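Overview (structure and organization)
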Amino acid sequence: MLIFATSDKGGTGRSVTSSNVLYRSALQGSDVCYLDFDFGSPTAGSIFNINHALRGTTRGGLHSYLDGAHGEPQRIDVWAESDRPSLRDRPPGAGRLVLLPGDSGGGEFPTTRENIERCARLFLRLEEEFDVTLVDLSAGRSYATEIVLAATARAELRSVRWRWLVFHRWTRQHVLAASGLVHGQRGIVETGIRHGHDRTRLTESLRFVRTAVVDPDSPELEGLQPAQLAWLRACNQDLLELASRERVGRTLVLGSVPLDPVLQWREQLISDNDVWARRIANRETVEAFDSLAKRIVDDTAWETL
Ligand SMILES: Nc1ncnc2c1ncn2[C@@H]1O[C@H](COP(=O)(O)OP(=O)(O)OP(=O)(O)O)[C@@H](O)[C@H]1O
Ligand SMILES: [Mg+2]
């Protein structure tokens, strides 16, 4: 299964949420692989605490693989190579957790027939080896998005299953932006069709993920003034209505991740230790990641309504 993680805006929580979801998948026993296709800013190594690839790698990453400079992109076994002690050593029952970093100083590049073919070949190889391959794309209408839409439309990938996750924050601008990225001009659907995708299959393979959401009914907000709480509830209601009008509504949401204090301060994987022993992260956050890890591969969560 290939999962494409995208967002219209930057800083939505796409990379941190995707990394945590994939980490949870691995803990649940799946073999998983994370591809940093954010070519302009390949910093996924820092979320997994890989010190030699904090801003991408100099040892032949995805960018130079797609460019044809290397036959194989570098692979990092997170359980073996993470510099964070609590991520070292694969826990019993966990699957593989592998990161394919981007190249440091890479930058975006145009789509060519050759790099689309290399991308398709890579996806086919990873598909044989891993249960879930998650591709973290550059934000917006990027070359990275165009390359993967072109690659997945190719005949040799016809039998491969793929799905799209569109991340957005729970604000007016983000809801509008997420909807525009999917349905708007030069958006995912339009670009996908131009590359030969079927509109229905593509649309049915897209779901939204809301990040850093504050629940107006959360007990944590009890300290707020009544006027503030009433305003927050009214805003939330407006957003629910806007999301539904913009085809970003509840039925198309795969999951929602609450605002978490740890993630607000640092981009990292939240371990069980952070929740249960150190008590720095919220249980609800990890539950949301766990639920997303199950739902990305659960066909019933993707059934058409
Ligand atoms: N649930 C959350 N609660 C609080 N903060 C969060 C949450 N999810 C993500 N963040 C924070 O939001 C910031 C942006 O997240 P992240 O880097 O994952 O976004 P992104 O969409 O990948 O951004 P970019 O476009 O720059 O790659 C980070 O500091 C991250 O830790
Ligand atoms: Mg990112």
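Rules used throughout
- Residues numbered from 1 in each chain as written.
- Chains lettered and ligands numbered in written order.
- Predicted model: local features only at pLDDT ≥ 70, side-chain atom pairs only at ≥ 80, totals over all residues.
- Heavy atoms only, no water.
- Near = heavy atom within 4 Å.
- Polar contact = N/O pair within 3.5 Å; in protein donor to acceptor, adjacent residues only side chain to side chain.
- Areas by Shrake-Rupley, 256 points an atom, 1.4 Å probe, with all protein chains shown as cover.
- Pairing = 2+ DSSP bridges.
- Helix = DSSP H or I, 4+ residues; strand = E, 2+ residues; numbered from the N terminus.
- Contact = heavy atoms within 4.5 Å.
- Axes fitted to C-alpha atoms, helices over the stretch in contact; angles between N-to-C directions.
- Salt bridge = Lys/Arg side-chain N within 4 Å of Asp/Glu carboxyl O.
- Buried < 20%, exposed > 50% of the residue type's maximum accessible area, 1.4 Å probe, protein only.

If you check an unreviewed UniProt entry, the chain appears there as ParA family protein from Micromonospora echinofusca.

Near ligand 1 there are 18 residues, and of these Thr12, Ser15, Val16, Arg169 and Leu263 occur at the shortest range. In the model, a nitrogen atom of ligand 1 is placed 3.0 Å from a nitrogen or oxygen of the Pro258 main chain. In this structure, Gln264 approaches ligand 1 through a main-chain N or O atom, which is 3.4 Å from a nitrogen atom. For ligand 1, whose accessible area on its own is 640 Å², the fraction buried by protein is 83%.

The 8 strands are arranged β3-β4-β2-β5-β1-β6-β7-β8 in an open sheet whose pairing can be described as mixed. The sheet is open, and its two borders are formed by β3 (76–77) and β8 (253–258), each paired with just one other strand. The strands that helix α1 (residues 14–27) touches are β1 (2–6), β2 (32–37), β4 (97–100), β5 (132–137), β6 (162–169), β7 (206–213) and β8; relative to β2, the one it contacts most, it runs at about 165°. The strands that helix α7 (residues 172–183) touches are β1, β6 and β7; relative to β6, the one it contacts most, it runs at about 155°.

Non-glycine residue Arg186 carries a positive phi angle of around 55°. Locating Arg186 in the fold gives a position in the loop between α7 and α8 (188–194). You will see that Arg279, though not glycine, has its phi angle at about 60°, which is positive. Of note, Arg279 is situated in the loop between α12 (272–276) and α13 (283–295).

On to the pattern of salt bridges. Summed over the entire model, instances satisfying the criterion amount to 19 salt bridges. With a shortest N-O distance of 3.5 Å, Asp8 and Arg141 are connected by a salt bridge. Of the two residues, Asp8 sits in the loop between β1 and α1 while Arg141 sits in the loop between β5 and α6 (143–152), which places them 133 residues apart along the sequence. The class for Asp8 is partly exposed, based on a relative accessible area of 23%. Note that Arg161 and Asp299 form a salt bridge whose closest N and O atoms lie 3.1 Å from each other. You can see Arg161 sitting in the loop between α6 and β6 and its partner Asp299 sitting in the segment after α13, a full 138 residues away along the chain. Its relative accessible area of 44% is what places Arg161 among the partly exposed residues. Beyond isolated ion pairs, a larger network of salt bridges with shared partners links Arg14, Asp38 and Asp136.

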